[in-house]
Amino acid sequence: MSQDAYRLTSPSGSEMELPVRKGTVGPDVIDISRLYKEQGVFTYDPGFVATGSCESAITFIDGEKGILMYRGYPVEQLAEHSSFIEVAYLLLNAELPTATELAEFDSTIRMHTMLNEGMLSFFKGFRYDAHPMAMLSAVVGSMSAYYHDEMDAANPVHRDIFAHRILAKLPTIAAAAYKLNVGQPFMYPRNDLNYCENLLHMLFAVPAEPYEVDPVAAEALDLLFILHADHEQNCSTSTVRMAGSSGANPYSAVAAGISALWGPAHGGANEAVLKMLDDIGDVSQIGKYVDKAKDRNDPFRLMGFGHRVYKNFDPRATLIREMCHKVMEKLGRKDTPMFDLARELERVALQDEYFIEKNLYPNVDFYSGLIYRALRIPTSMFTVMFALGRSVGWAAHWREMIADSNGKISRPRQLYTGPVARDYIAVDKR
Ligand code: ACO
């Protein structure tokens, strides 16, 4: 047997060698693609806990050690020295840009921020209280109705154009959804502002008076977007890959990813954290809620705690906690009691046997909601903000998937537990 193979013996005694594939870092992978053909069995792994769905060179996570790297660069270094636009370039193009490449990329994104006026009119059709995630996924899906001339997945130039459009136009769509919710006029993008400044302008400026972007607010958003930019094969990114694997256009695939992100176990968690902190209300109630989270018969979980991959600490949570301090100092005095409550809840939970034993730590969403709140971004927009950061990861993964020569339509198998074959019974005999 090759050293790089697993030997599998079936109940009937037949043997098969399963090749082992090695990545650059991280655990080896057993290649089971021949298993069904040769042994007639499938594997069973609900939630893909131990299954790699693809080969990828974009992002690496070591959940035990709390490591997150984009294209090999530790996220802490990118958070300290880089910007969201530079990170976007890195994720899409595999290397950090030169100064000229960065300037060109930045300018390209700035030049694509406007929406077709027809697309803007969609917002008139939504109710004033429509959830912004519903509007985001609908309008992003409808981008394919505007850009069908440049959606040929086999054309690398079209793939670039798609990535630029998604990155540049998502903030404009998000801001339009917000303006509809608050009943204010839509603000056109300003290309003299950088990515996050422009987003803040579109969200909070009004035609009646000048608006000055707060540099701490722009810096906090930039950090949050860097930290949310990619997270390898998470639920929404896997959804984008899966939808795109059928050859569906990339805007539809990203719209599917946005829908997946909306769930409370994924992007909806920071919204749930604030609701939970509101419910807890006071430090005196923390013990009661921690007990509820530990009670197997109670569905309540501490929102913003635990992660499928990080079983030690979430490096993003540490960076966000620091930024949260800075934002509270400058902008969030009235939210300080909630921040203090969150820190105390974290302290109590981290000392509790249940959370220690199950390796449950604050995740990226535990503090991000507090920052958004201090920035006056309403809770219904939290997942939208996550989507803006993650859009570049979705675009990078869609492009990688399309360019993969081994790519196949994603089509998992199942363990069937329904009825065995039976004959149809006419309706009058049932
Ligand atoms: N509070 C209390 N108990 C928890 C929590 C929590 N937040 N998270 C996990 N547990 C417990 C589970 O009850 C389970 O206990 P058991 O072994 O006795 O059955 C054990 O820890 C393992 O939990 P699983 O749900 O099996 O772990 P999984 O990896 O499937 O789930 C998840 C990860 C969904 C993030 C989970 O920890 C959770 O629901 N957290 C709260 C929601 C949240 O913060 N989501 C954001 C994730 S980050 C992101 O998407 C950007």
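The structure we're discussing is the one just above.
Note that this is a predicted model, so its numbers are computed, not measured.

Visitor: For the pairing of strand S5 (residues 67–70), give the residues involved together with the corresponding values.
Guide: When strand S4 (residues 59–62) meets S5, the two strands line up antiparallel, connected through four bridges. Looking at the pairing, Asp62 lines up with Ile67 of S5. As judged from the two bridges shared by S5 and strand S6 (residues 73–74), these two strands associate in the antiparallel manner. Across the sheet, the residue bridging to Met69 is Pro74, located in S6. The hairpin formed by S5 and S6 contains two residues between the paired strands, and Arg71 there has a positive phi angle of roughly 50°.

Visitor: I'd like to hear about the sheet that holds strand S2 (residues 15–21), residue by residue, with values.
Guide: Across the sheet, three strands lie side by side as S1-S2-S3; this open sheet has antiparallel pairing. Either end of the sheet is taken by a strand with one partner, and the two such strands are strand S1 (5–9) and strand S3 (29–30). Sheet topology note: the S2/S3 ladder contains two bridges and is antiparallel. When the sheet's bridge partners are listed, Val20 is paired in S3 with Ile30.

Visitor: I'd love a proper account of helix H11 (residues 250–261), names of residues and values included.
Guide: Relative to the 16 Å expected for twelve residues at 1.5 Å per residue, H11 spans 16 Å between its end C-alpha atoms, a close match to the ideal helical length. Most of H11 sits inside the fold, with nine of its twelve residues counted as buried. Taken as a whole, H11 has its buried residues at Pro250, Tyr251, Ala253, Val254, Ala255, Gly257, Ile258, Ala260 and Leu261. Summarising the contacts, the buried residues of H11 are in contact with helix H6 (132–142), helix H7 (156–182), helix H10 (235–245) and helix H18 (382–403). Its side-chain oxygen 3.0 Å from the backbone nitrogen of Tyr251, Asn249 forms the N-cap of H11.

Calculation rules
- Think of each chain on its own: its residues are numbered from 1, step by step along the sequence as written.
- Given that this is a predicted model, residues contribute local features only at a pLDDT of at least 70 and side-chain atom pairs are listed and counted only at 80 or more, while totals for whole chains, interfaces and linings are drawn from all residues.
- With hydrogens and water excluded, all non-hydrogen atoms of the structure serve as input to the side-chain values.
- The pairing criterion is simple: DSSP has to find at least two bridges between the two strands.
- Helix and strand assignments come from DSSP, with helices taken as H or I runs of at least 4 residues and strands as E runs of at least 2, each series counted from the N terminus.
- Each residue after the first adds 1.5 Å to the expected span of a helix.
- To sort residues, take the accessible area from a 1.4 Å probe on protein chains only and compare it with the maximum for the residue type: under 20% means buried, over 50% means exposed, and anything in between is partly exposed.
- Note on definitions: a residue-residue contact is assigned when non-hydrogen atoms from the two residues lie within 4.5 Å.
- Polar contact criterion, stated in full: a pair of N or O atoms within 3.5 Å, where within protein one must be able to donate a hydrogen and the other to accept it, and residues adjacent in sequence count only if both atoms are side-chain atoms.

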